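Chain by chain, the residues run as shown.
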Amino acid sequence: MPDLPRVLADSTRISQVLSNLVGNAVKFTPREGLITMAKASDRRGIGLGLAIAKGIVEAHRGRIWVETSVGLGSTFYFTLPAAS
């Protein structure tokens, strides 16, 4: 996306954050639900995905949070600082 600033980040770790967030979406969305971005495989873990994602984002001096609407679902966000 050309409008977004560049960030300095470990691409492997940020891919892990995305994988954890998408994996949780696949695991916890009901069959009739909607996922905006999803991976076809079901990679059920031991429940540490969000904690790991939080640790990775915060190690990059970023922020991760969730906004939930009861009955509608949750949206997860994370930010990373722009490269100077």
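Residues numbered from 1 in each chain as written. Predicted model: local features only at pLDDT ≥ 70, side-chain atom pairs only at ≥ 80, totals over all residues. Heavy atoms only, no water.

## Points about the nonpolar core
Counting residues in each nonpolar core, the largest one holds six residues, listed as Ile-14, Val-17, Leu-21, Ala-53, Ile-56 and Val-57. At the level of secondary structure, the elements contributing two or more residues to this core comprise helix H1 (11–28) and helix H2 (49–59). Setting aside anything within four residues of it in sequence, one finds Ala-53 in contact with Val-17, Asn-20 and Ile-64. (Core = buried A, V, L, I, M, F, W, Y, C linked by side-chain atoms within 4.5 Å. Buried < 20%, exposed > 50% of the residue type's maximum accessible area, 1.4 Å probe, protein only. Helix = DSSP H or I, 4+ residues; strand = E, 2+ residues; numbered from the N terminus. Contact = heavy atoms within 4.5 Å.)

## Looking at unusual backbone geometry
Comment: phi is negative for the bulk of residues other than glycine, and the bulk of peptide bonds are trans. With a phi close to 65 degrees, Arg-61 is a non-glycine residue in the positive phi region. Note that Arg-61 resides in the loop between H2 and strand S1 (63–69).

## A word on the packing of aromatic side chains
Taken as a whole, this structure holds one aromatic pair when the rule is applied. Pairing Trp-65 with Tyr-77 gives two aromatic rings, centres 5.2 Å apart and planes at 15 degrees, and the pair type is stacked. Here Tyr-77 lies in strand S2 (residues 73–79) and Trp-65 lies in strand S1, a separation of twelve residues in the sequence. A relative accessible area of 24% places Trp-65 in the partly exposed class. Directly above the aromatic system of Trp-65 lies the positively charged group of Arg-63, at a separation of 3.9 Å from the ring centroid. (Phe/Tyr/Trp six-rings, centres within 6.5 Å; stacked < 30°, edge-to-face > 60°. Lys NZ or Arg CZ within 6 Å of the ring centre and 35° of its normal.)

## Overview of the pattern of salt bridges
Following the criterion strictly, the structure yields one salt bridge and no others. For Lys-54, the salt bridge is made with Glu-58, and the minimal N-O distance between the two is 3.0 Å. Separated by four residues within a single helix, Lys-54 and Glu-58 lie in helix H2, roughly one turn from each other. Its relative accessible area of 41% is what places Lys-54 among the partly exposed residues. (Salt bridge = Lys/Arg side-chain N within 4 Å of Asp/Glu carboxyl O.)

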